[in-house]
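A structural walkthrough
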Amino acid sequence: MPLFTSPTDNIPRCGWCSATEDYIAYHDNEWGYPVGDDIRLFEKVCLESFQSGLSWRTILAKRENFLAAFAGFDFRKVADFDDADVERLLNDAGIVRHRGKITAVINNAQRCCELVDAEGSLAAFVWSFEPQDEGVEPQSRSTSPASVALSKELKKRGWKFVGPTTAFAFMQAMGLINDHAVGCASREVAERARASFQRPVR
């Protein structure tokens, strides 16, 4: 996987950072680092579902607007959104105004409440799908057996816009796998973070 070295700091990073400067801070501080917080996990599921058919750059640029519009992605609050909230969101130029994706977030918030009641936490559920070392070159695929399994189980529980590709992007971003390119300065940092991360238990 090609690397990108920014002329401003000469640090090698994953090649996708070359698309825009906006990606660098996200890559360096978030992408691939393990997350065990339910609200952050739910936020990422939602943002990945909004990205479907769009670029991550578009979603990242609107992230603060999404957070404001969806009550910080507190799923217990979003679960109470009604038709008036849907109309409000459809008129919010700061987010992606797609009725199907908006209603999917509200549906998924309701399903998330059910999941947390059944499993203890979203984190415990998600991390139960952490794959073992599969020996696959970083960033060489867009789905995996683990993302297919996670997608299948979420859909079984009534979640929407959570296909295997969306699930895989979520797993990459939330540190369930370390998909930083070999030679990327963040790869070893992410691996150390994963090694010290206390996996939540179901």
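Reading guide: rules and limits
Residues numbered from 1 in each chain as written. Predicted model: local features only at pLDDT ≥ 70, side-chain atom pairs only at ≥ 80, totals over all residues. Heavy atoms only, no water. Core = buried A, V, L, I, M, F, W, Y, C linked by side-chain atoms within 4.5 Å. Buried < 20%, exposed > 50% of the residue type's maximum accessible area, 1.4 Å probe, protein only. Helix = DSSP H or I, 4+ residues; strand = E, 2+ residues; numbered from the N terminus. Phe/Tyr/Trp six-rings, centres within 6.5 Å; stacked < 30°, edge-to-face > 60°. Lys NZ or Arg CZ within 6 Å of the ring centre and 35° of its normal.

Some remarks on the nonpolar core
Nonpolar side chains in soluble globular proteins tend to be buried together. In this structure, Phe42, Phe66, Phe70, Leu122 and Trp159 are the most contacted members of the largest nonpolar core, which totals 55 residues. Top element by residues in this core is helix H7 (residues 99-119). It accounts for 8 residues.

A closer look at the packing of aromatic side chains
Per the stated rule, a full pass over the model turns up 13 aromatic pairs. With centroids separated by 5.9 Å and ring planes inclined at 65°, the aromatic side chains of phenylalanine 42 and phenylalanine 75 adopt a geometry described as edge-to-face. Of this pair, phenylalanine 42 sits in helix H2 (residues 38-51) while phenylalanine 75 sits in helix H5 (residues 75-78), placing them 33 residues apart in sequence. On the basis of relative accessible area, phenylalanine 42 is assigned to the buried category, the value being 0%. For the pair tryptophan 127 and phenylalanine 197, a centre-to-centre distance of 4.7 Å together with 40° between the ring planes defines the contact as tilted. One end of the pair, tryptophan 127, is in helix H8 (residues 122-127); the other, phenylalanine 197, is in the segment after helix H11 (185-196), and 70 residues separate them in sequence. Both residues of the pair, tryptophan 127 and phenylalanine 197, count as buried. In textbook terms, an aromatic cluster arises when at least three aromatic residues are bridged by ring pairs, as seen for Trp16, Tyr23, Tyr26, Trp31 and Trp56. Its guanidinium or amino end placed over the ring of phenylalanine 81, arginine 88 lies 5.3 Å from that ring's centre, counting from NZ or CZ.

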